[in-house]
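Report on the structure
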Amino acid sequence: MSDNNRLGVFKTYKLYVGGKFPRSESGRVYEVTTKTSAAGTAGKGQWLANAPQSSRKDARDAVVAARKAFGGWSGATAYNRGQVLYRVAEMLEGRKEQFVREVAASEGLSKSKAAAAVDAAIDRWVWYAGWTDKIGQIAGGANPVAGPFFNLSTPEPTGVVAVLAPQKSSFLGLVSMIAPVIATGNTAVVIASADAPLPALSLGEVLATSDVPGGVVNILSGVTAEIAAPLAAHQDVNAIDLTGADAELAKELEIAAADNLKRVLRPQPVDTDGASDSEDWLASPGTHRLTAFLETKTVWHPTGALGAAGSSY
């Protein structure tokens, strides 16, 4: 058959939950189109794909998967987690061209700007891979006390973190939020950008082949408010990052999150078009997202005595 008569094979985008790629249990999909301007404003452009529209049941399934994976992931050594995050960067490097195309189409960027965003996202995985075995020295330490005791504070992961990805920065912003969550031993339930979910759903394919255990990262697409509401109220979700929510939705979710005292990372102030995605994702990430979802455990231990003279440490 002549190549001129060949029908291309369109990609079927699916959710990423528990290390598998299910469709939404509701069977719903929605159209994803290109952006109509370089500014990334929403509009009815060229059709790109049909993305699964997640339901409340999908959100609950993702929490179950994240909780199941938490014990093994949080119990892994920090060095091992760093190796896994670095592997993600390696796999992304090999699929860079695919992500450049998806980011350019999804965000309305030129190829050069999309390539810069993808390069920065890959570098971001490397950055956080290097921090996995160092954050303990930043967020913990030995405390001076009056008495013959060691008093040691060490950081521990919070648990299951719901992540509302940025609406505009569908890949670099997404990675900048996911990587620090899992670098510190948490597991994540991620709601992709509603209008530009394709880079996030493709990231699930990379994570599945990057030694990241199934359930550590779970990626959902659909209407942000519809999926976020059950996550904010879920008793087995320990924290929530509201970056991808507008001011009104963020307030509602923060009230719901208070029911089981979730840790809440509030969004940046809204910009002129009402979206809270005003953060400069190309800037140096710092460590604030690493420490945002850590708990501090403090242990007292007697120093004991050395030798017959009774000297102590």
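Predicted, not measured: the structure shown is a model, and the values here were computed from it.

1. Observations regarding unusual backbone geometry
A positive phi angle is found at D211, which is not glycine, with a value near 70 degrees. Here D211 shows up in the loop between α7 (198–208) and β7 (217–220).

2. Quick look at the pattern of salt bridges
All told, the structure shown has 15 salt bridges when counted by the stated rule. With its nearest N and O atoms 4.0 Å apart, the salt bridge here joins E102 to K11. One end of the pair, E102, is in helix α3 (residues 96–107); the other, K11, is in the segment before β1 (29–33), and 91 residues separate them in sequence. A relative accessible area of 10% places E102 in the buried class. Overall, K11 belongs to the partly exposed group, its relative accessible area being 32%. Note that K57 is salt-bridged to D61, the shortest N-O span being 3.0 Å. Placement of both K57 and D61 in helix α1 (residues 56–75) is noted, with a separation of 4 residues, approximately one turn of the helix. Residue class for K57 comes out partly exposed when judged on its relative accessible area of 34%. Classification of D61 by relative accessible area gives partly exposed; the value is 31%. Connected through salt bridges with shared partners, the residues K11, R95, E102 and E205 form a single ionic network.

3. Describing the confidence of the model for the chain
When the pLDDT values of the chain are averaged, the result is 89; 90% of them are 70 or greater. Contacts for the low-pLDDT stretch residues 38–43, under 50 throughout, to residues beyond four places or in other chains number 13 contacts. Here residues 272–276 is a poorly scored stretch, pLDDT under 50, and it has 12 contacts once near neighbours within four places are set aside; other chains count.

4. Considerations on the nonpolar core
With 60 residues, the main nonpolar core has L92, W125, F171, I182, V190, L203 and L207 as its most contacted residues. Setting aside residues no more than four positions away along its own chain, L92 makes contact with F99, I122, W125, F171, L203 and V206. Counting residues in each nonpolar core, the second largest holds 25 residues, with V17, A62, A162 and L253 among its members.

5. Focus: the sheet that holds strand β3 (residues 141–142)
Strands sit in the order β3-β4-β10 across an open sheet of 3 strands; the sheet is antiparallel. Sheet topology places β3 and β10 (294–302) at the edges, where each strand pairs with a single neighbour.

6. A few points about the pairing of β7
In β7, alternate side chains face the same way, and those of V217 and I219 on one face and N218 and L220 on the other are all buried. Bridge count for strand β6 (residues 187–191) against β7 is 4 bridges, and the pairing is parallel. When the sheet's bridge partners are listed, I191 is paired in β7 with L220. One crossover worth recording links β6 to the parallel β7 by way of α7, and it is right-handed.

7. Describing the environment of S202
Relative to the elements of secondary structure, S202 occurs in helix α7. For S202, a relative accessible area of 0% gives the class buried. Residues S202 and Q98, 104 residues apart in the sequence, show an inter-C-alpha distance of 9.0 Å. Those residues in contact with S202 that lie beyond four places of it in its chain are K11, Y13, Q98, F99 and E102.

8. Here's the deal with α1
An α-helical turn contains 3.6 residues, so any two residues separated by three or four positions project in the same direction. Its 20 residues place the ends of α1 29 Å apart at the C-alpha level, agreeing with the 28 Å of an ideal helix rising 1.5 Å per residue. The largest bend in α1 comes to about 40 degrees, at A69. Of all the residues in α1, the buried ones are D58, A59, A62, V63, A65, A66, A69, F70 and W73. The opening residue of α1 is S55, an N-cap whose side-chain oxygen sits 3.3 Å from the backbone nitrogen of K57.

Quick notes on the rules
Residues numbered from 1 in each chain as written. Predicted model: local features only at pLDDT ≥ 70, side-chain atom pairs only at ≥ 80, totals over all residues. Heavy atoms only, no water. Helix = DSSP H or I, 4+ residues; strand = E, 2+ residues; numbered from the N terminus. Salt bridge = Lys/Arg side-chain N within 4 Å of Asp/Glu carboxyl O. Buried < 20%, exposed > 50% of the residue type's maximum accessible area, 1.4 Å probe, protein only. pLDDT = per-residue confidence, 0-100. Contact = heavy atoms within 4.5 Å. Core = buried A, V, L, I, M, F, W, Y, C linked by side-chain atoms within 4.5 Å. Pairing = 2+ DSSP bridges. Right-handed = clockwise from strand over helix to strand, strands pointing away. Expected span 1.5 Å × (residues − 1). Bend = angle between axes of the 7 residues up to and from the residue. Polar contact = N/O pair within 3.5 Å; in protein donor to acceptor, adjacent residues only side chain to side chain.

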